[in-house]
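# Architecture and fold: a report
Okay, here's what each chain looks like letter by letter:
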Amino acid sequence: MTHRRSILLSAMVLAVMSATPAWAQKKIVVGFAQVGAESEWRTANTNSIKETAAKEGIELKFADAQQKQENQIKAIRSFIAQKVDVIAFAPVVNTGWDTVLKEAKAAKIPVILTDRSVETKDESLYLSFLGSDFMEEGRKAGRWLLEKAKTMKGEINVVELQGTVGSAPAIERKKGFEEIIKANPNIKIIRSQTGDFTRAKGKEVMEAFLKAEGKKINVLYAHNDDMAIGAIQAIEEAGMKPVKDITIISVDAVKGAFEAMMAGKMDVSVECNPLLGPQLFAAVKDVVAGKTIPRRIVTQEGVYTMDMAAKEFPNRKY
Ligand code: AHR
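All of the points below concern the structure found in this document. (Residues numbered from 1 in each chain as written. Predicted model: local features only at pLDDT ≥ 70, side-chain atom pairs only at ≥ 80, totals over all residues. Heavy atoms only, no water.)

Okay, the site of the ligand next. By nearness alone, every residue bordering the ligand is listed as Glu38, Ser39, Trp41, Arg42, Asp115, Arg116, Phe134, Pro169, Arg173, Phe197, Asn224 and Asp252. Side-chain polar atom of Glu38 to an oxygen atom of the ligand: 2.4 Å apart, as the coordinates give it. Here Arg173 contributes a side-chain N or O atom positioned 2.8 Å from an oxygen atom of the ligand. For the ligand, the accessible surface in isolation is 280 Å², of which the surrounding protein chains cover 100%. Most atoms of the ligand, that is more than half of them, are within 2 Å of grid points of the largest cavity. Broken down by secondary-structure element, the contributors of at least two residues to the shell around the ligand are helix H3 (40-56) and helix H7 (168-181). Class assignment of the residues belonging to the shell around the ligand gives a composition of four nonpolar, two polar and six charged. Looking at which domains feed residues into the shell around the ligand, each of domain 1 (25-132 + 274-300) and domain 2 (134-272) supplies at least three. (Near = heavy atom within 4 Å. Polar contact = N/O pair within 3.5 Å; in protein donor to acceptor, adjacent residues only side chain to side chain. Areas by Shrake-Rupley, 256 points an atom, 1.4 Å probe, with all protein chains shown as cover. 1 Å grid on protein atoms, 1.4 Å probe; cavity = no way out; pocket = protein on both sides within 12 Å on 5 of 7 lines; lining within 4 Å. Sits in = over half its atoms within 2 Å of the grid points. Helix = DSSP H or I, 4+ residues; strand = E, 2+ residues; numbered from the N terminus. Nonpolar A, V, L, I, M, F, W, Y, C, P; charged D, E, K, R; others polar. Domains from an automatic or database assignment.)

This part is about the nonpolar core. With 28 residues, the main nonpolar core has Leu161, Met206, Leu210, Leu220, Ile246, Ile248 and Met266 as its most contacted residues. Of all the secondary-structure elements, those providing two or more residues to this core are strand S6 (156-162), helix H8 (199-213), strand S8 (219-222), helix H9 (225-237) and helix H10 (255-262). With seven residues, H9 is the largest single contributor of residues to this core. Aside from chain neighbours lying at most four places away, what touches Leu220 is Val159, Leu161, Met206, Ala228, Ala231, Ile246, Thr247, Ile248 and Ile249. (Core = buried A, V, L, I, M, F, W, Y, C linked by side-chain atoms within 4.5 Å. Buried < 20%, exposed > 50% of the residue type's maximum accessible area, 1.4 Å probe, protein only. Contact = heavy atoms within 4.5 Å.)

Going through the model one piece at a time under the given rule, you end up with four aromatic pairs. Where Phe177 meets Tyr221, the ring centres are 3.9 Å apart and the plane angle is 20 degrees; that geometry is what we call stacked. Note that Phe177 is positioned in helix H7 and Tyr221 in strand S8, a separation of 44 residues in sequence. Using a relative accessible area of 0% as the deciding quantity, one classes Phe177 as buried. By relative accessible area, Tyr221 is classed as buried at 0%. Of note, Arg295 hangs over the ring of Tyr126, and the distance from its end group to the ring centre comes to 4.1 Å. The lysine or arginine in question, Arg316, covers the ring of Tyr318, its NZ or CZ lying 4.9 Å from the ring centre. (Phe/Tyr/Trp six-rings, centres within 6.5 Å; stacked < 30°, edge-to-face > 60°. Lys NZ or Arg CZ within 6 Å of the ring centre and 35° of its normal.)

Another aspect to go through is the packing of helix H6 (residues 134-149) against H7. Two quantities define a packed helix pair, namely the angle between the helix axes and the distance between the axes. Interaxial distance between H6 and H7 falls to 7 Å at its minimum, and their mutual angle equals 35 degrees. Along this stretch, H6 crosses H7, giving a crossing that reads as right-handed. Contacts from Phe134, Met135, Glu137, Gly138, Arg139, Ala141, Gly142, Arg143, Leu145 and Leu146 in H6 reach Ala168, Pro169, Glu172, Arg173, Lys175, Gly176, Phe177, Glu179, Ile180 and Ile181 in H7. (Axes fitted to C-alpha atoms, helices over the stretch in contact; angles between N-to-C directions. Left-handed = near helix turned anticlockwise from the far one by under 90°.)

As a further point, take the sheet that holds strand S1 (residues 29-34). If you walk across this open sheet you meet the six strands as S2-S1-S3-S4-S5-S11, and the pairing is parallel. The outermost strands of the open sheet, each flanked by one partner alone, are strand S2 (59-64) and strand S11 (296-298). Strand-to-strand twist across the sheet, computed as the mean angle between neighbouring axes with direction ignored, equals 15 degrees. Two elements, strand S3 (residues 86-89) and strand S4 (residues 111-114), share three bridges in a ladder whose sense is parallel. Bridging from a neighbouring strand, Ile87 pairs with Val111 of S4. Along the sheet face, helix H4 (residues 69-81) touches S1, S2 and S3 and points at about 170 degrees away from the line of S1. (Pairing = 2+ DSSP bridges.)

Structure representation (structure tokens):
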């Protein structure tokens, strides 16, 4: 190659590089600290994050915190030490994040919250929150019960299976539900306890509810499908019929809930969409490219009842 031609070639390469956005020139590295693997929802969420990162050519450093805040904090510190481009995480509980978030800020690493938010006085500690509106999910469950209550006589006794103590979905799904049901004084929450979002705990706590209240229970409100499915087992083992004897209201709308609805064992599941990967990595690319991203990105969700389940089931992706 002549000297002139090689200069021309280098100039062309340089021109192409400067026309290429920064994020396309080097592999983006993202550290993601996941809550754990406590539910069908969480598995779908993890798969969505991993699959989208691979599809987008983003290097993902993934940590499973096994539902422990200290593990998430450790993982975030290790992402800071590794100088990742962006940190994302689904906080297991609402509070106690300020110190580690300040460390990320000092290291100039932007943080995106996914699925659950945090409580902090310093809003500058994270860039954006992408996920569901848990209050609204609780309200949707409450509105469904208000309608159903029109067909029920006398006192309506509800038992509630809460999610992980101190987590945003447990706090807000409870609040949203209570806000709506207070319109009907016949509806009363007679027992409320955590089932930690797992099937095993949901079953165990429902067994205790049944022992204490027996046939007085008219409605189960579970903060997620896994706990509802565990509770359904407990109800059947106690010789009662879910739906017929106890109305079952749940949240997530994962495939397991659709199967339960199609089997006539669950009345309704309010959708909580776990497929956050595409929105998360679109936001990550924008951040790395220096673009501004919205402070709050809300996912669109519906409500699925027993009579809709069979028709909708083939379309479900999780
Ligand atoms: O934060 C979302 C909640 O966490 C889902 O409803 C639940 O299934 C999960 O474990």
